[in-house]
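If you want the building blocks of each chain, they are given just below.
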Amino acid sequence: MDEANGAQANPQPSGKPERGKAVKLVDRVLDQLQERIRSGNYPPDSRLPGEHELASMLGVSRPVVRDALAKLRDQGIVYARQGAGTFVSAHGSPTTQLSYSPVKTIADIQRCYEFRLTIEPAAAYFAAKRRDEAAIQKIAAALADLREATSHQLHRTDADFMFHRAVTEAANNHYYTASIDALKAHIAVGMHLHGLSLLGPRQGLEQVYEEHQKIYQAIVEGRADDAKALMKGHLEGSQGRLFEGRALDLSM
């Protein structure tokens, strides 16, 4: 089955999930748990929530959680204590989180935009091909926060980042999510300055919201090429608005 047609915006009917979908869910839960361990939400020697709680928290079935935990044990990231639960290994956590040098200059903000333009349009493309109901709901939640802020003539950097992060996560590729997580503080600087540039005429905030909404719609409808082009246009537009169309000369 083509991936773009296999992940619909509407939930699948109740019943036994297709094997391919189950495997994809296991990988998604595995990535989410690895990320939470890596970020320190579940520190070494801490006990993970039980299967039932994790299933409810992540919106999947207990067998999916069980399979993901088994993979974490195989990787040495967690271990089981008889009758006590599953714990994070002190020495088996995932590879150290990717990091970049902090933003120090306006030129660094431009460099950040340039780098985002190499990964986020591609992530939007794959998000449209691989999205599932949980991914769509996460993007929609961030979009709703942006809509609420826009209606009050505000720009919420946190909601803006979570939208882009949710799109990246929907691509189901941990290289994209690791990169955007490492860029969070850098992106926040650019988003904050961009947000300030939008606080004049109401049309500016509305336009940016509409750009996000169109990206969301393309992903929901599985229009991968459109999602890629819309994300690219959105980032280029943000960069242009921030720098007023005058890019810095970064030649050596």
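Quantities reported herein were computed from a predicted structural model and do not represent experimental measurements. (Residues numbered from 1 in each chain as written. Predicted model: local features only at pLDDT ≥ 70, side-chain atom pairs only at ≥ 80, totals over all residues. Heavy atoms only, no water.)

Engineer: Help me understand the overall build of the protein, please; the structure alone is not making it clear to me.
Structural biologist: Summing up its helical and strand segments, the protein has 11 helices and two strands in all. Counting every position in the protein, which comprises 252 residues, the buried fraction comes to 42%. Split by element, the accessible area of the protein, about 13300 Å² in all, is 52% carbon and sulfur. (Helix = DSSP H or I, 4+ residues; strand = E, 2+ residues; numbered from the N terminus. Buried < 20%, exposed > 50% of the residue type's maximum accessible area, 1.4 Å probe, protein only. Areas by Shrake-Rupley, 256 points an atom, 1.4 Å probe, with all protein chains shown as cover.)

Engineer: Got a minute to help me understand the packing of helix α7 (residues 157-170) against helix α8 (residues 174-182) in this structure?
Structural biologist: Angle between the axes and distance between the axes are the two parameters that describe a pair of packed helices. Closest axis-to-axis distance for the α7/α8 pair is 8 Å, and the angle between their directions is 160°. The orientation of α7 with respect to α8, classified from their angle, is roughly antiparallel. Remark: the crossing between α7 and α8 carries left-handed chirality. For the pair α7 and α8, the contacting residues are F161, H164, R165, T168 and E169 in the first and Y176, T177, I180 and D181 in the second. (Axes fitted to C-alpha atoms, helices over the stretch in contact; angles between N-to-C directions. Parallel < 35°, antiparallel > 145°, perpendicular 65-115°, else oblique. Left-handed = near helix turned anticlockwise from the far one by under 90°. Contact = heavy atoms within 4.5 Å.)

Engineer: Even after reading the chapter, I still don't get the pairing of strand β2 (residues 85-88), so can you show me in this structure?
Structural biologist: As paired elements, strand β1 (residues 78-81) and β2 share four bridges and run antiparallel to each other. From the neighbouring strand, R81 faces β2, where its bridge partner is G85. Between the antiparallel neighbours β1 and β2 lie three residues, among them G83 with a positive phi of about 75°. (Pairing = 2+ DSSP bridges.)

Engineer: Quick question: what am I supposed to make of the nonpolar core here?
Structural biologist: One recurring pattern in soluble globular proteins is that nonpolar side chains are buried together. The biggest cluster of nonpolar side chains holds 24 residues, and the ones touching the most others in it are I139, F163, V167, Y216, I219, A227 and M231. If you list the elements that add at least two residues to this core, you get α5 (106-130), α6 (133-151), α7, α10 (202-220) and α11 (224-243). Apart from the residues within four sequence positions on either side, M231 is in contact with E120, P121, A124, H164, V167 and I215. Within the second largest apolar cluster, 20 residues are counted, among which are L25, I37, V64 and L69. (Core = buried A, V, L, I, M, F, W, Y, C linked by side-chain atoms within 4.5 Å.)

Engineer: How should α6 be read in this particular structure?
Structural biologist: Helical geometry: 3.6 residues make up each α-helical turn, so side chains three or four residues apart lie on a common side. Over its 19 residues, α6 extends 26 Å from the first C-alpha to the last, a length consistent with the 27 Å expected when each residue adds 1.5 Å. Residues A135, I136, I139, A142, L143, L146, A149 and T150 constitute the buried set of α6. The buried residues of α6 occupy an angular sector of 145° when projected down its axis, which confines them to one face. Of the residues flanking the end of α6, it is Q153, one or two places downstream, whose phi is positive at about 55°. (Expected span 1.5 Å × (residues − 1). Arc of directions from axis to C-beta.)

Engineer: What exactly am I supposed to notice about the packing of α5 against α11 here?
Structural biologist: For the pair α5 and α11, interaxial distance at closest approach is 7 Å and the crossing angle is 165°. Taken together, the axes of α5 and α11 lie roughly antiparallel to each other. The crossing of α5 and α11 is right-handed. The segment α5 lies against α11, with I106, I109, Q110, Y113, R116, L117, E120, P121, A124, Y125, A128 and K129 engaging A224, D225, A227, K228, M231, K232, L235, E236, S238, Q239, L242 and F243. Grouping the constituent residues of the contact of α5 with α11 by class yields 14 nonpolar, three polar and seven charged. (Nonpolar A, V, L, I, M, F, W, Y, C, P; charged D, E, K, R; others polar.)

Engineer: It is not clear to me how the side chain of R131 should be interpreted in this structure. Could you clarify?
Structural biologist: Tracing the chain through its elements places R131 in the loop between α5 and α6. Reaching out from R131, the side chain makes a polar contact with the backbone oxygen of A128 at a distance of 3.4 Å. Polar side-chain contacts of R131 include one of 3.0 Å to the backbone oxygen of V220. (Polar contact = N/O pair within 3.5 Å; in protein donor to acceptor, adjacent residues only side chain to side chain.)

Engineer: Can you help me understand the pattern of salt bridges in this one?
Structural biologist: Here the structure, examined in full by the defined rule, presents 16 salt bridges. Taking the shortest distance from any N to any O, the salt bridge between R28 and D132 comes out at 3.4 Å. A residue pair is termed long-range when its members are at least 10 positions apart, and R28 in helix α2 (residues 19-38) and D132 in the loop between α5 and α6 qualify at 104 residues. Residue classification places R28 among the buried residues on the basis of a relative accessible area of 8%. The residue D181 makes a salt bridge to R165 at a minimum N-O spacing of 2.8 Å. With a gap of 16 residues between them, D181 in helix α8 and R165 in helix α7 connect regions that are remote in the sequence. We classify R165 as buried; its relative accessible area is 5%. Several salt bridges share partner residues, and in doing so they unite E35, K138, R165, E169 and D181 into one network. (Salt bridge = Lys/Arg side-chain N within 4 Å of Asp/Glu carboxyl O.)

Function cannot be read off these values alone, since they describe shape.
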